[in-house]
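# Summary of the model geometry
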Amino acid sequence: AQTVTQSQPEMSVQEAETVTLSCTYDTSESDYYLFWYKQPPSRQMILVIRQEAYKQQNATENRFSVNFQKAAKSFSLKISDSQLGDAAMYFCAYTQGGSEKLVFGKGTKLTVNP
Amino acid sequence: SQTIHQWPATLVQPVGSPLSLECTVEGTSNPNLYWYRQAAGRGLQLLFYSVGIGQISSEVPQNLSASRPQDRQFILSSKKLLLSDSGFYLCAWGPGTGPGRQQYFGPGTRLTVT
């Protein structure tokens, strides 16, 4: 069974600084997709970024980028120029290619200090 | 554009009482629909998913059931609530076609069983 592990239950960062959230996953599949979702205090889940496993290039969305290490099964999220609005729970998730069913990690709570 | 609604937003129910949570999606047809539960300090656990009217797959055996009486309506039910049913319930939809499809989440329902 596929598993997703987020080893950092909590992280903190100073405003305007950079922070990296870790995620590892376990799968025997070659075709899969990885996601980072953000859950702010409102509890609404918002997609931050998506990575296709067959693409070697790391995905980037504005201040958010990933470091995808396929051989190591690692998928970390880097947030640059952190803003107060980035404070949230961040969930790493996996889905097998051709499927929509998501497997989530337990999340990392990010605090942004002014 | 597509929107997803959940109600109620919050619910406090006594142990042994019935439950009905509703989720509806607008702006799309034949979506895949999902129910997740998020317990305190945990990630999201997939409870049920549906690929069409009347088609329900259960991921975790439990005290809950799901139904899909219409294409864009997904209902989570219980005949008798347990204390362990407390949590945050999220409904999500996905387009059902294309690789690496993301899911779009509703605002959630906070259920407290007393």
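Heads up: these notes are all about the structure in this document.

The rules behind each value
Residues numbered from 1 in each chain as written. Chains lettered and ligands numbered in written order. Predicted model: local features only at pLDDT ≥ 70, side-chain atom pairs only at ≥ 80, totals over all residues. Heavy atoms only, no water. Contact = heavy atoms within 4.5 Å. Buried area = accessible area lost by both parts, 1.4 Å probe. Salt bridge = Lys/Arg side-chain N within 4 Å of Asp/Glu carboxyl O. Polar contact = N/O pair within 3.5 Å; in protein donor to acceptor, adjacent residues only side chain to side chain. Core = buried A, V, L, I, M, F, W, Y, C linked by side-chain atoms within 4.5 Å. Buried < 20%, exposed > 50% of the residue type's maximum accessible area, 1.4 Å probe, protein only. Helix = DSSP H or I, 4+ residues; strand = E, 2+ residues; numbered from the N terminus.

## Re the interface of chain B and chain A
Contact residues are listed per partner, giving 25 residues for chain B and 19 residues for chain A. Summed over both sides, the interface between chain B and chain A buries roughly 1,900 Å², with carbon and sulfur atoms accounting for 48% of that surface. Counting across the chain B and chain A interface gives one salt bridge. For the pair chain B and chain A, the number of links is six residue pairs in polar contact (both at pLDDT 80 or more).

## So, the nonpolar core
One recurring pattern in soluble globular proteins: nonpolar side chains tend to sit buried together. Among the nonpolar cores identified, the biggest contains 25 residues, and A:Tyr25, A:Trp36, A:Phe75, A:Leu77 and A:Tyr90 are the most heavily contacted of them. Looking at this core, the elements with two or more residues in it are strand S3 (19-21), strand S5 (32-39), strand S6 (46-52), strand S8 (64-69), strand S9 (74-79), strand S10 (88-96) and strand S12 (108-113) of chain A.

## What to know about the environment of A:Leu47
By the secondary structure assignment, A:Leu47 is in strand S6. Here the alpha-carbon distance between A:Leu47 and A:Phe35, two residues 12 residues apart in the chain, equals 7.3 Å. Aside from chain neighbours lying at most four places away, what touches A:Leu47 is A:Phe35, A:Trp36, A:Tyr37 and B:Gln102.

## Thoughts on the pattern of salt bridges
Going through the model one piece at a time under the given rule, you end up with seven salt bridges over all chains. Among the salt bridges present, the one from A:Arg50 reaches A:Glu52, with a minimum N-O distance of 3.2 Å. Residue class for A:Glu52 comes out buried when judged on its relative accessible area of 13%. B:Asp85 is the partner of B:Arg37 in a salt bridge, and the nearest nitrogen-oxygen pair spans 3.7 Å. Here B:Arg37 is found in strand S4 (residues 32-38), whereas its partner B:Asp85 is found in the loop between strand S8 (73-78) and strand S9 (87-94), with 48 residues between them in sequence. Of the two residues examined, B:Arg37 and B:Asp85, each falls in the buried class. Each of the salt bridges in this network shares a partner with another, and the network as a whole consists of A:Arg50, A:Glu52 and A:Lys55.

## A word on unusual backbone geometry
Across the junction of B:Trp7 and B:Pro8, the peptide omega takes the value 0°, indicating a cis bond. Tracing the backbone through its elements, the reader meets B:Pro8 in the loop between strand S1 (3-7) and strand S2 (10-13). Non-glycine residue A:Arg43 carries a positive phi angle of around 75°. Looking at the element boundaries, A:Arg43 is found in the loop between S5 and S6. By relative accessible area, A:Arg43 is classed as buried at 18%. A positive phi is found at A:Asn62, a non-glycine position, where the angle reads about 55°. Topologically, A:Asn62 is positioned in the loop between strand S7 (60-61) and S8.

All quantities given are derived from atomic positions and should not be read as evidence of function.
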